[in-house]
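One-letter residues, chain by chain:
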Amino acid sequence: MGTVRAMGLQNFERKLERLVEGVFAKAFPSGLQPAELGRRLTREMDHQRQVGVRGVVAPNCFVFEMAAEDHERLSQGAETLARELATEARQHARANSYSFIGPVDVRFAPPQTGVTPGTFRLVATRVEGEGGRPAAVITPEGHRVELRAKPIVIGRMSDDWSPDIPVPLDDKEASRRHAEIRRLGDGFVIADLGSVNGTRVNGSGITERELTGGEKISIGRSTFRFEVG
């Protein structure tokens, strides 16, 4: 476990080093460094993990508090940093077999008067997600589409495209409403919606199938990944 954790943090820190060369070079000229936030986040996940009915549950909501000086420096790259920290939390959870009770949420609180410049506080909590366990479809481009109460519909982009198809494909082999992923009780199901070319999960054609996480979903020429927790 220690080796996996160390490798994950090293990869995260290398990624942040590349970011620092760009937008964060001005945000963090000295003092507080982005990698420190990532190390503290994963430590809090380890310290606050608890054994639940679905295994080991870790915090999923993280709020960083810092001084006004650091908050101002951070503002230019806050969205990018929050996204990278959330990704690190999910990767750390997978490496250590942790689960979440809701989507990972990383935020930066308004400037705090009781925090010394160059330092920060982190409040890590468990916040239950809408509709139950968190799950998401990972697109071929690496984007996450969170599964909420409504099903996720995957289909071909068309002239009469509608927002009720949150994962549109520029693919003639995909039907306009090709497949959907929905919650079923405490689990998840994918169903083909009568598509012309069919839907495959881990290489096998399906009409309807339960998803448990980690499956590869093939629609037309595109392959998606389904994640739980």
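Everything numeric here is computed off the predicted structure, so don't read it as measured data.

Asker: Would you take a moment to explain the overall build of the protein chain for this structure?
Answerer: When helices and strands are counted, the protein chain shows five helices and 17 strands. Per-residue burial for the protein chain yields a buried fraction of 44% across its 229 residues.

Asker: It is not clear to me how the sheet that holds strand S2 (residues 55-57) should be interpreted in this structure. Could you clarify?
Answerer: Backbone-to-backbone hydrogen bonds join strands into a sheet, with any given pair of strands oriented parallel or antiparallel. Strand order in this open sheet of three strands is S1-S2-S4, and the pairing throughout is mixed. The open sheet is flanked by strand S1 (50-52) and strand S4 (98-99), the only strands paired with a single partner. As paired strands, S1 and S2 are joined by three bridges and run antiparallel to one another. Paired with Val 51 across the strands is Val 56, a residue of S2.

Asker: What is the right way to look at the packing of aromatic side chains in this model?
Answerer: For any pair of aromatic rings, the description rests on two quantities: the centre-to-centre distance and the angle between the ring planes. What the rule picks out here adds up to three aromatic pairs. Taken together, the aromatic side chains of Phe 64, Phe 108 and Phe 120 make up a single cluster linked through ring pairs.

Asker: What is the right way to look at helix H5 (residues 78-96) in this model?
Answerer: One turn of the α-helix equals 3.6 residues, which is why residues spaced by three or four share an orientation. Taking 1.5 Å per residue as the helical rise, H5 with its 19 residues ought to reach 27 Å, and the 27 Å between its terminal C-alpha atoms agrees with that figure. Looking only at H5, the buried set comprises Ala 78, Leu 81, Ala 82, Glu 84, Leu 85, Ala 86, Glu 88, Ala 89, Arg 90, His 92, Ala 93 and Asn 96. Positioned one or two residues after H5, Ser 97 has a phi angle of 60°, which is positive.

Asker: Got a minute to help me understand the side chain of Arg 183 in this structure?
Answerer: Mapping Arg 183 onto the fold places it in strand S11 (residues 179-184). Here the side chain of Arg 183 touches Arg 148 through a polar contact of 3.2 Å, landing on its backbone oxygen.

Asker: How do you make sense of the sheet that holds strand S3 (residues 61-66) when you look at a structure like this?
Answerer: Ordered by their spatial adjacency, three strands build an open sheet running S5-S3-S6, and the pairing between neighbours is mixed. The outermost strands of the open sheet, each flanked by one partner alone, are strand S5 (105-108) and strand S6 (120-125). Neighbour to neighbour, the strand axes of the sheet diverge by 15° on average, direction disregarded. Pairing of S3 with S6 involves six bridges; the strand directions are antiparallel. Counted as the bridge partner of Phe 64 is Leu 122 from S6. Sitting on the sheet, helix H3 (residues 34-48) touches S3, S5 and S6, and the angle it makes with S6 is about 40°. Packing of H5 onto the sheet brings it into contact with S3 and S5, and relative to S5 it is tilted by some 145°.

Asker: How should I be thinking about the pairing of strand S12 (residues 187-192) in this particular structure?
Answerer: Successive residues of a regular strand alternate their side chains across the two faces of the sheet. Counting buried residues in S12 gives six out of six residues, a clear majority hidden from the surface. A two-sided burial pattern is seen for S12, the buried positions comprising Gly 187, Val 189 and Ala 191 on one face and Phe 188, Ile 190 and Asp 192 on the other. Of the pairings in the sheet, the one linking S11 to S12 comprises six bridges and is antiparallel in character. Along S12, the bridge assignment pairs Arg 183 with Phe 188. Pairing of S12 with strand S15 (residues 208-211), which is carried by four bridges, proceeds in the antiparallel orientation. Within S15, the position partnered with Val 189 by the bridge is Glu 210.

Asker: Whenever I open this one, the packing of H3 against H5 confuses me. Can you help?
Answerer: Each pair of packed helices can be described by the angle between their axes along with the distance between the axes. Interaxial distance between H3 and H5 falls to 10 Å at its minimum, and their mutual angle equals 35°. The two elements H3 and H5 cross, and the hand of that crossing is right-handed. Across the interface between the two elements, Pro 34, Leu 37, Gly 38, Leu 41, Thr 42, Met 45 and Asp 46 from H3 touch Leu 81, Leu 85, Glu 88, Ala 89, His 92 and Ala 93 from H5. By residue class, the composition of the contact of H3 with H5 is eight nonpolar, three polar and two charged.

Asker: Would you mind showing me how to read the pairing of S11 here?
Answerer: Two strands pair when backbone bridges link them, and strand S9 (residues 152-156) and S11 are joined in this way by three bridges, in the antiparallel orientation. Bridge pairing links Ile 152 to Ile 181 in S11. Taking the residues that link successive antiparallel strands as the turn, the S11-S12 hairpin has two residues, and the phi of Gly 185 there is positive, at about 65°.

Asker: Could you clarify how one ought to interpret the confidence of the model for the protein chain in this entry?
Answerer: For the protein chain, per-residue confidence averages 82 on the pLDDT scale, and residues scoring 70 or more make up 81% of the total. Low pLDDT, under 50, characterises residues 19-27; the stretch is placed with twelve contacts to residues that sit more than four places away or in other chains.

The rules we used
Residues numbered from 1 in each chain as written. Predicted model: local features only at pLDDT ≥ 70, side-chain atom pairs only at ≥ 80, totals over all residues. Heavy atoms only, no water. Helix = DSSP H or I, 4+ residues; strand = E, 2+ residues; numbered from the N terminus. Buried < 20%, exposed > 50% of the residue type's maximum accessible area, 1.4 Å probe, protein only. Pairing = 2+ DSSP bridges. Phe/Tyr/Trp six-rings, centres within 6.5 Å; stacked < 30°, edge-to-face > 60°. Expected span 1.5 Å × (residues − 1). Polar contact = N/O pair within 3.5 Å; in protein donor to acceptor, adjacent residues only side chain to side chain. Axes fitted to C-alpha atoms, helices over the stretch in contact; angles between N-to-C directions. Contact = heavy atoms within 4.5 Å. Left-handed = near helix turned anticlockwise from the far one by under 90°. Nonpolar A, V, L, I, M, F, W, Y, C, P; charged D, E, K, R; others polar. pLDDT = per-residue confidence, 0-100.

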